[in-house]
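# Observations on chain architecture
The residues making up each chain are set out below.
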Amino acid sequence: MTHKHLVAPSVLAADFRNLQAVFDLVNRSEADWFHVDIMDGRFVPNISFGMFIVDFMKKMAQKPLDVHLMIVEPEKYISEFRKAGADVITVHYEACPHLHRTLQQIKETGARAGVALNPHTPVHLLEDILEQADQVLVMSVNPGFGGQKFIYQSIPKIRKLREMITVQNTNTLIEVDGGVGLQNAEQLLQAGADVLVAGSSIFKAEDPVQVISKLKEIGKPVLMV
Ligand code: DX5
Ligand code: ZN
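Structural notes, computed from the coordinates. Source: prediction; values computed, not measured.

The coordination sphere of the zinc ion (ligand 2), as far as protein atoms go, consists of His35 (NE2), Asp37 (OD), His68 (ND1) and Asp177 (OD), spread over 2.1 to 2.3 Å. Around the zinc ion (ligand 2) sit six donor atoms; with metal-centred angles ranging over 71 to 170°, the donor geometry is octahedral. Spacing between the donor residues of the zinc ion (ligand 2) along the chain follows H-x1-D-x30-H-x108-D. Placement of the pair is histidine 68 in strand S3 (residues 65-70) and aspartate 177 in strand S7 (residues 173-177), with a sequence separation of 109 residues. Residue histidine 68 is classed as buried on the basis of its relative accessible area of 0%.

The next point concerns the pairing of S3. Burial runs high along S3: six of the six residues are buried. The alternating pattern of S3 places Leu65, Val67 and Leu69 on one face and Asp66, His68 and Met70 on the opposite face, and all of these are buried. Note: strand S2 (residues 34-39) against S3, six bridges, orientation parallel. When the bridges of S3 are listed, methionine 39 appears paired with methionine 70. Note: S3 against strand S4 (residues 88-92), three bridges, orientation parallel. Considered in S4, the bridge of aspartate 66 is made with valine 88.

For soluble globular proteins, nonpolar side chains are generally found buried alongside one another. Judged by nonpolar contacts, the single largest core of 65 residues is most densely connected at Phe23, Val36, Ile38, Leu65, Leu103, Leu188 and Leu215. If near-sequence neighbours (up to four positions away) are discounted, valine 36 is found in contact with Val11, Phe49, Val54, Met57, Leu65, Asp66, Val67 and His68.

Centre-to-centre distance and the angle between the planes together describe a pair of aromatic rings. Inspection of every chain in the model, using the stated rule, returns four aromatic pairs. Arranged with centres 5.7 Å apart and planes meeting at 45°, the rings of phenylalanine 16 and phenylalanine 49 form a pair that is tilted. One end of the pair, phenylalanine 16, is in the loop between strand S1 (6-9) and helix H1 (19-28); the other, phenylalanine 49, is in the loop between S2 and helix H2 (51-60), and 33 residues separate them in sequence. Of the residues examined, phenylalanine 16 reaches a relative accessible area of 37% and is grouped as partly exposed.

Next up on the list: the site of ligand 1. Around ligand 1, the structure places 19 residues, and the nearest of them are Gly144, Gly147, Asp177, Gly199 and Ser200. One of the side-chain N or O atoms of serine 10 is found 2.9 Å from an oxygen atom in ligand 1. Here an oxygen atom of ligand 1 and a side-chain polar atom of histidine 35 are 3.4 Å apart. Contact with the protein chains hides 99% of the accessible area of ligand 1, taken as 380 Å² for the molecule alone. Residues belonging to the shell around ligand 1 are distributed by class as follows: seven nonpolar, 10 polar and two charged.

Attention now moves to the pattern of salt bridges. Opposite charge on two side chains lets them pair, provided their charged atoms get close. Considering all chains together, one arrives at six salt bridges under this definition. Between aspartate 32 and lysine 216 there is a salt bridge; the shortest N-O distance is 2.9 Å. One end of the pair, aspartate 32, is in the loop between H1 and S2; the other, lysine 216, is in helix H8 (residues 208-217), with 184 residues separating them in the sequence. A residue is classified by how much of its surface remains accessible, and lysine 216, at 8% relative accessible area, is buried.

In the Ramachandran plot, glutamate 73 falls in the positive-phi region, its phi being about 45° despite a non-glycine side chain. One can find glutamate 73 in the loop between S3 and helix H3 (78-84). Using a relative accessible area of 36% as the deciding quantity, one classes glutamate 73 as partly exposed.

On to the environment of lysine 59. Mapped onto the secondary structure, lysine 59 falls in helix H2. What makes lysine 59 exposed here is its relative accessible area of 62%. Counting along the chain gives 33 residues from lysine 59 to histidine 92, while the straight-line C-alpha distance between them is 26 Å.

In spatial order, the strands read S1-S8-S7-S6-S5-S4-S3-S2; together these eight strands make up an open sheet with parallel pairing. Edge positions in the sheet fall to S1 and S2, since each of these pairs with one other strand and no more. Strand-to-strand twist across the sheet, computed as the mean angle between neighbouring axes with direction ignored, equals 25°. Lying over the sheet, helix H5 (residues 154-168) contacts strand S5 (112-117), strand S6 (135-139) and S7, oriented at roughly 165° with respect to S6.

Quick notes on the rules
- Residues numbered from 1 in each chain as written.
- Chains lettered and ligands numbered in written order.
- Predicted model: local features only at pLDDT ≥ 70, side-chain atom pairs only at ≥ 80, totals over all residues.
- Heavy atoms only, no water.
- Donors = N, O, S within 2.8 Å, 3.2 Å for Na, K, Ca; no water.
- Tetrahedral: all angles 85-135°; square planar, octahedral: opposite > 155°, others 65-115°.
- Helix = DSSP H or I, 4+ residues; strand = E, 2+ residues; numbered from the N terminus.
- Buried < 20%, exposed > 50% of the residue type's maximum accessible area, 1.4 Å probe, protein only.
- Pairing = 2+ DSSP bridges.
- Core = buried A, V, L, I, M, F, W, Y, C linked by side-chain atoms within 4.5 Å.
- Contact = heavy atoms within 4.5 Å.
- Phe/Tyr/Trp six-rings, centres within 6.5 Å; stacked < 30°, edge-to-face > 60°.
- Near = heavy atom within 4 Å.
- Polar contact = N/O pair within 3.5 Å; in protein donor to acceptor, adjacent residues only side chain to side chain.
- Areas by Shrake-Rupley, 256 points an atom, 1.4 Å probe, with all protein chains shown as cover.
- Nonpolar A, V, L, I, M, F, W, Y, C, P; charged D, E, K, R; others polar.
- Salt bridge = Lys/Arg side-chain N within 4 Å of Asp/Glu carboxyl O.
- Axes fitted to C-alpha atoms, helices over the stretch in contact; angles between N-to-C directions.

Laid out in structure tokens, this is it:
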């Protein structure tokens, strides 16, 4: 690894009875971003929460909000999520017939623009849009729920995407989301991931701050004295 990767805890897996405590914990950890999952019950078979909650999250967060929109017609809600405090807005390839326009729309709000791919969507479909994407989120589970089993086919996808980014010489970050934890983080970073999103592996652990710190340490060269 030549550059440092980022860790984005997915708050979906946290205890919503005390969100302030969850945000305090992530604020004082080595995590880089808060990953915020928005589900509409249409694009995915689950409903999470909307901009009203994101707005409260923004008030508690001392780190950027990485908002993952698992919703149909995301273009209708971009400005509202931006107003609520999203620093990154990621839309799904499968939900955007006019992806180029939607990414421009996100960038015009001043947010970073991301594209997410479902497990069955091949990365080569991004060839003509890569330059417009600040980040690509490779889903390593079917979106909709936390705590699912990691789909291994995502690793060759990350490798291919890394190659495409190198060939096109863009600054696009590769984010991986779903079933990520200490057991596969190293392999994902080696394949070319830049941002690790992790929900259950962090928040279901006894010491979430320590898991975050271990996820950050992976790939660090060991100092030889
Ligand atoms: C899944 C969400 C993920 C999820 C990750 O639809 O996009 O961000 O919260 O949770 P884990 O890490 O538990 O798979
Ligand atoms: Zn997500």
